[in-house]
Amino acid sequence: MREAVVRNVTHPQASQLLHNKFVVVLGDSIQRGVYKDLVLLLQRDSYLTLSQLKSKGELSFERDCLIEGGRLGHMTNGTEYREVRQYRTDHHLVRFYFITRVFSRYMESILADFKRELKPDVVIVNSCLWDVSRYNRRWVSEYRENLHKFFAELKAILPKESLLMWNMTMPLGKKIIGGFLVPEIEHMGPTLRFDVIEANFYGAMLANAYGMDVLDLHFMFRFSLHHRMRDGVHWNAVAHRQITCLLLAHAAQAWGVELPSHTVPDQSRMWIIPRLQIRVSIDRSWADSGFYECELQEALHVCLRPFVMYFLGPAWQQGHQYNGYGPDFCTDGLATLPQIGAGFFSFENPEENSTAPNVGSYNALPSSNASPVPAAPSCSTNNLVMKQKHPKRQYNPYTRQKPNRPQKY
């Protein structure tokens, strides 16, 4: 897999990119924040306020309108809550549906609206947290079946030109508080973050199998936990602007639109999985891809500890032209790679080690006249790397004499 640069999308660029486009956002409260930030960016370059992020079901937000549910209906934290919002101008149409299950009778009514009425050009969807916590404690088989039904129905209704993006659920905190964690599911709080990692696995694989684009927000924000709210579930306005820039940058590349090269200052790298074939073998390809954190292996009880390698130079090609998106798997034959060269020690074929030069052995020591290893390059990703080792003075704690201190007689 390759890294893609997150481009900073401004208001004029977003307005021009989504000109005469119908965008639909399906999901929970986090996806409602995605909808609100997109609506705000279509009008001006500013961030959401804290009250705007926390509000739900309001009659109007930034010139949009509440169509169904919310304050027009019954305000509740249960699975029966509904909220449909829409922002419409002469050249933009953005709609949001609040859902608590990826496939249900309510979702069938939404898909029926798509079938009868205007077909959306962009569909941004996520449904995970409510599915794994509110309906059934043994949610795996039911969640996978609902994913199959939803993806099959969506692909059958929408035209091939529609851009479908599946957002993976963002990292949860160890302690979850707030209105989401109702008393009936308080016992699931400590383990819910592991269930989300497992559910992300099924959602990403099935979405990719049905030809949808997958945006791995869980991996993207694994080191941006300072943007997460104190409740352990929701995120602040900076994180939502980054999500909006990721979505618009991906849509721009899908439509062949070139965006300027400046990056978002806070978080400049992410992972995107497009419509490419992904190998799902857990024993080798999944570990080599570095797709998930080690928490997934603990949740699935698989003894895997994938190694993540970072390359400062151009990515190694596997005989095909790489487009900057999607997975890029490397083979295990390290001895044949030109990057490895001498010094590779084979654990599978020990007889090859005897014919290899002495430098490949662990007992080989560098000569005294060997050239020193160059320091790490001055790069923004190496700010936390210690480039110099400061000498430390020797001090024996059980002696009377201490260094740099005059003796007292």
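Here goes a summary of the coordinates provided. All residue numbers refer to position in the chain's written sequence, counted from 1. The predicted nature of this model means local features are confined to residues of pLDDT at least 70 and side-chain atom pairs, given and counted, to a pLDDT of 80 or more, with totals for whole chains, interfaces and linings taken over all residues. Excluding hydrogens and water, the side-chain figures rest on all heavy atoms present in the structure.

1. Regarding empty space enclosed by the protein
Point 1. A 1.4 Å probe that fits into a set of points on a 1 Å grid over the protein atoms alone but cannot get out defines a cavity; an open set with protein on both sides within 12 Å along at least five of seven lines defines a pocket, and lining residues are those with an atom within 4 Å of a point. Grid points are joined across faces, edges and corners, and a volume is the space filled by probe spheres set on the points. Overall, the coordinates contain six cavities of 30 Å³ or more when judged by the stated rule.
Point 2. Estimated volume of the largest cavity: approximately 80 Å³.
Point 3. If you trace the largest cavity, you find it lined by L18, V23, V34, L38, V122, I124, M165, T244, L247, L248 and A251.
Point 4. Secondary structure elements are defined from DSSP: runs of H or I of at least 4 residues count as helices, runs of E of at least 2 residues count as strands, and each element is numbered from the N terminus. Elements represented by at least two residues in the lining of the largest cavity include exactly α2 (29–41), β6 (122–125) and α9 (237–255).
Point 5. Sorting elements by how many residues they give to the lining of the largest cavity places α9 first, with four residues.
Point 6. Polarity classes work like this: nonpolar for Ala, Val, Leu, Ile, Met, Phe, Trp, Tyr, Cys and Pro, charged for Asp, Glu, Lys and Arg, and polar for all others, with Gly in that last group. Of the residues assigned to the lining of the largest cavity, the class counts are 10 nonpolar, one polar and no charged.
Point 7. What lines the second largest cavity is R101, D131, Y135, N136, W139, E142, Y143 and N146.
Point 8. Class assignment of the residues belonging to the lining of the second largest cavity gives a composition of three nonpolar, two polar and three charged.

2. Some words on helix α7 (residues 192–209)
Point 1. Multiplying one less than the number of residues by 1.5 Å gives the expected span of a helix. Its 18 residues place the ends of α7 26 Å apart at the C-alpha level, agreeing with the 26 Å of an ideal helix rising 1.5 Å per residue.
Point 2. Burial status follows relative accessibility: with a 1.4 Å probe on protein chains alone, a residue under 20% of its type maximum counts as buried, one over 50% as exposed, and anything between as partly exposed. In terms of burial, α7 is largely enclosed, as 16 of its 18 residues are buried.
Point 3. Two residues or fewer past α7, G211 is found with a positive phi of approximately 85°.

3. Comments concerning the packing of helix α6 (residues 140–157) against α7
Point 1. It is the contact of α6 with α7, at a shortest axis distance of 10 Å, that shows an interaxial angle of 25°. Judged on the interaxial angle alone, α7 and α6 are roughly parallel. Handedness of the α6/α7 crossing: right-handed. Residues V140, Y143, R144, L147, H148 and F151 of α6 lie in contact with α7, whose contacting residues are E198, A199, Y202, G203, L206 and A207.
Point 2. Here the residues of the contact of α6 with α7 sort into eight nonpolar, two polar and two charged. Fitting a line to C-alpha atoms yields each axis, with helices limited to the stretch in contact; the angle taken between N-to-C directions then spans 0 to 180 degrees. Working definition: roughly parallel below 35 degrees, roughly antiparallel above 145 degrees, roughly perpendicular at 65 to 115 degrees, and oblique for all remaining angles. Note on convention: near helix rotated counterclockwise from far helix by under a right angle means a left-handed crossing. Clockwise means right-handed. Between two residues, a contact is recorded if the distance between any of their heavy atoms is within 4.5 Å.

4. Describing the pattern of salt bridges
Point 1. Only one rule defines a salt bridge in this text: a Lys or Arg side-chain nitrogen within 4 Å of an Asp or Glu carboxyl oxygen. Enumeration according to the criterion identifies nine salt bridges in this entry.
Point 2. Of the charged contacts, one joins E83 and R32 as a salt bridge, the two residues approaching to 2.7 Å between their closest N and O atoms. Of this pair, E83 sits in strand β4 (residues 83–88) while R32 sits in helix α2, and the two are 51 residues apart along the sequence. Accessibility classification places E83 together with R32 in one group, the buried group.
Point 3. Note that E142 is salt-bridged to R101, the shortest N-O span being 2.1 Å. Of the two residues, E142 is situated in helix α6 and R101 in the loop between β5 (92–98) and α4 (105–116); the sequence distance between them amounts to 41 residues.
Point 4. Using a relative accessible area of 27% as the deciding quantity, one classes E142 as partly exposed.
Point 5. Linked through salt bridges whose partners overlap, the residues forming this network are R32, D64, E83 and R85.

5. Re the environment of Q16
Point 1. Its location among the elements puts Q16 in helix α1 (residues 11–17).
Point 2. For Q16, a relative accessible area of 66% gives the class exposed.
Point 3. C-alpha separation for the pair Q16 and H91, spaced 75 residues apart in sequence, amounts to 9.5 Å.

6. Here's the deal with α6
Point 1. Over its 18 residues, α6 extends 26 Å from the first C-alpha to the last, a length consistent with the 26 Å expected when each residue adds 1.5 Å.
Point 2. Along α6, the positions that sit buried rather than exposed are Y143, N146, L147, F150, F151, L154 and I157. What you see down the axis of α6 is that its buried residues fit within an arc of 135°, all on one side. In α6, the exposed positions angled more than 90 degrees off the buried face are occupied by S141 and A156.
Point 3. Packing partners of the buried residues in α6 comprise β2 (21–27), α4, β6, α5 (129–133), β7 (163–167) and α7. The arc in question is the one traced by the directions running from the helix axis out to the C-beta atoms.

7. A closer look at the side chain of Q31
Point 1. Note that Q31 resides in helix α2.
Point 2. Under the relative-accessibility criterion, Q31 is labelled buried at 3%.
Point 3. In the analysis that follows, any N or O atom pair within 3.5 Å is treated as a polar contact, provided that within protein one partner can donate a hydrogen and the other can accept it, and provided that, for residues neighboring in sequence, both atoms belong to side chains. In this structure the side chain of Q31 is engaged in a polar contact, spanning 3.3 Å, whose partner is the side chain of N167.
Point 4. Residues in contact with Q31, not counting those within four places in the same chain, are V25, L26, F96, I124, N126 and N167.

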